[in-house]
Amino acid sequence: MLGLMMDAPLRIPDILEHAAKYYPKTEIVSRNEDSTLHRYGYADAARRARQLAKALSRMGLERGDRIATLAWNNHRHFELYYAVPGAGLVCHTVNPRLFPEQLVFILNDAQDRYLFSDVAFARLVAGVAPYAKSLRGIVFNCDRDHMPKDLPDGLPPVLCYEDLIDAEDDDFEWPVLDERTASGMCYTSGTTGNPKGVLYSHRSTVLHAMAVNQPGLFGIAPDETVLPVVPMFHVNAWCVPYAAALVGARLVLPGPRLDGPGLLEVIHGEKVTIGAGVPTIWLNLVNYADQAGQSVAPMNRVVVGGAACPQTLIERLAAHKALAVHAWGMTETSPLGAVSVLSAEQQYLPEAEKMKLMLKQGRAPFGIEMRIAGPDGKELPWDGVARGDLEVRGPWIASGYFNNTDRSQFTGDGWFKTGDISTIDADGFMNIVDRSKDVIKSGGEWISSIELENLAMGHPSVLEAAVIARADSRWSERPRYIIVLREGKMLTGPELRAFIAPHVATWWIPEDMIIVTELPHGATGKVLKVDLRARYGAENHPDAIRLSDQ
Ligand code: AMP
């Protein structure tokens, strides 16, 4: 017998309409390219999203067509986040930090019909658009006065965003869609092989937005102001633009200014209470705030993900009275897969024990199931020791890739293989030890590069640390530190060894380190270990500095 409840589809535009109806004046503050701030309320945003959807519905598109965006976190990108899926199309966010060849591959693979771009990326667009075969037009996200000049010939027709909006009224009914209709698309980083398209649905996105906003996770309340520093061009900015609107919270979109001074200015000026971003962003922010003798208040919660959250960041944020909420996820998981949230009894553990838990990537939220598998595919115990391939499943996890029949990342029984190696303890706390392709196996035993990196980053002279596997004639692989020093600081090998030695088994301690001026980062801010290994992975590297005197 079926329940007697209404069957209302979960639709993305309903989130914005809800915010517009109940929080019409609550602001979305957005940093323009010229650094000025644009502000309007949810009612204005919804009105413009309807106008844009109406314009899109006149552009000769078919349901399910992909519309690419190349844009910072700003109010027009926010409107596209709702108008495109709301009109029955797919909002395909494209990462402007990718190489032009990757962009061309992605635009062609997705068969994008239109590209909505910030003016800042005009040159990039001019370079790639002629090779994007399915593009029928380019829309620049600006008004007529700010349209890019001197565009080369041979581009598809170029349109102006504000002209599209001005030509329409907002008398638009969002089409009734099956909630499983495709809504958004984001390509994986493609560190191995070509990027692959992940295709989100209205249902997965709405469920995920509700899930990320549970207390203990993002837990954004209607009276809060949230700052997604995580880019809207990657995994829907962790769904913050949807989660904030769902509860009518105030939203600050930082545009292109992601440096310490730029972020601190909006945190103070707009009274931000919660932020979301990768560790590097927050390390830069606290460095700047500490140097300037300023506090990050009123920001009191910071969601940290995309890479392991180092202990030093948790401690330095705590010194500013801000709580680091450590979360794990990936493009294929919408992204939230796990979050380090303490239970009632864990709140009363000694500080050092709590820190150990906060450094782990944490528990799956309701809706997500996790397991770890050994090399034979058999499930491993949740004992905090056994390491295996992390597999997940749930209603906001990818079930396949767009335009791609490769099933190698899916198990026979329908779980997604994340490519991360992790442990899970008896309390369900998952801990990523490495990306499987970055694993260091020394004498047949695993060494966690993440744990070694975390330890080194606690040293006052170290700004950033990566650990890679170098060749070793005896152990086949040994870990090697690649270190970036803080400005004006020095570090000897024995100093680093003495600093980490109390915390790890002796055989984990790298024999050497190489000091570099910066680490190579990929388009989503992750350290490119493949590059580091190619450059510094030889057993005897001339720049290697030994950690012990012998
Ligand atoms: P992406 O799909 O580009 O967002 O990258 C996802 C990958 O980032 C994951 O598979 C992990 O390897 C890594 N990652 C994300 N969050 C964390 C975290 N909290 N700790 C360690 N690695 C993380």
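For the structure, check the block above.
These notes cover the structure that comes with them. Only a predicted model underlies this, so the values are computations on that prediction, with no experimental measurement involved. (Residues numbered from 1 in each chain as written. Predicted model: local features only at pLDDT ≥ 70, side-chain atom pairs only at ≥ 80, totals over all residues. Heavy atoms only, no water.)

### Looking at the sheet that holds strand β19 (residues 430-435)
Either a parallel or an antiparallel arrangement is found when strands of a sheet pair, and the pairing is made through backbone hydrogen bonds.
Here is step 1: Taken in spatial order, the 4 strands make up an open sheet running β16-β17-β18-β19, and their pairing is antiparallel. Since the sheet does not close on itself, it has two edges, and those belong to β16 (369-373) and β19, each with one partner. Taking the axes of each pair of neighbouring strands and ignoring which way they run, one obtains an average angle of 50 degrees across the sheet.
Here is step 2: Pairing of strand β18 (residues 416-424) with β19, which is carried by 5 bridges, proceeds in the antiparallel orientation. Note that in β19 the partner of Ile424 across the bridge is Met430. (Pairing = 2+ DSSP bridges. Helix = DSSP H or I, 4+ residues; strand = E, 2+ residues; numbered from the N terminus. Axes fitted to C-alpha atoms, helices over the stretch in contact; angles between N-to-C directions.)

### Thoughts on the pattern of salt bridges
Here is step 1: Using the criterion set out here, one finds 35 salt bridges in the structure.
Here is step 2: Between Arg48 and Glu79 there is a salt bridge, with the nearest N and O atoms lying 2.8 Å from each other. Within this pair, whereas Arg48 is found in helix α2 (residues 42-57), its partner Glu79 is found in helix α3 (residues 75-86), the two being separated by 31 residues in sequence. Glu79 shares its class with Arg48; the two are buried. (Salt bridge = Lys/Arg side-chain N within 4 Å of Asp/Glu carboxyl O. Buried < 20%, exposed > 50% of the residue type's maximum accessible area, 1.4 Å probe, protein only.)

### Focus on empty space enclosed by the protein
Here is step 1: Per the counting criterion, the structure on display carries 2 cavities of 30 Å³ or more.
Here is step 2: Put simply, the largest cavity is a space of about 100 Å³.
Here is step 3: In terms of lining residues, the largest cavity is bounded by 14 residues, among which Asn95, Leu98, Ile106, Tyr187 and Thr188 are the most central.
Here is step 4: Those elements that provide at least two residues to the lining of the largest cavity are β4 (90-93) and β8 (182-187).
Here is step 5: For the lining of the largest cavity, a count of residues per class yields 7 nonpolar, 7 polar and no charged.
Here is step 6: Taken together, Ile12, Tyr81, Cys91, Ser183, Gly184, Thr205, Asn236 and Tyr242 make up the lining of the second largest cavity.
Here is step 7: For the lining of the second largest cavity, the residue count by class is 4 nonpolar, 4 polar and no charged. (1 Å grid on protein atoms, 1.4 Å probe; cavity = no way out; pocket = protein on both sides within 12 Å on 5 of 7 lines; lining within 4 Å. Points joined across faces, edges and corners; volume = space filled by probe spheres on them. Nonpolar A, V, L, I, M, F, W, Y, C, P; charged D, E, K, R; others polar.)

### Concerning the sheet that holds strand β14 (residues 323-329)
Here is step 1: Strands sit in the order β2-β1-β11-β10-β12-β13-β14-β15 across an open sheet of 8 strands; the sheet is mixed. Both outer strands of the open sheet, β2 (37-41) and β15 (336-339), are each paired with one neighbouring strand and no more. Here the average twist between neighbouring strands, direction ignored, is 20 degrees.
Here is step 2: Sheet topology note: the strand β10 (residues 225-228)/strand β12 (residues 274-277) ladder contains 3 bridges and is parallel. The residue bridging Pro228 from the neighbouring strand is Ala276, located in β12.

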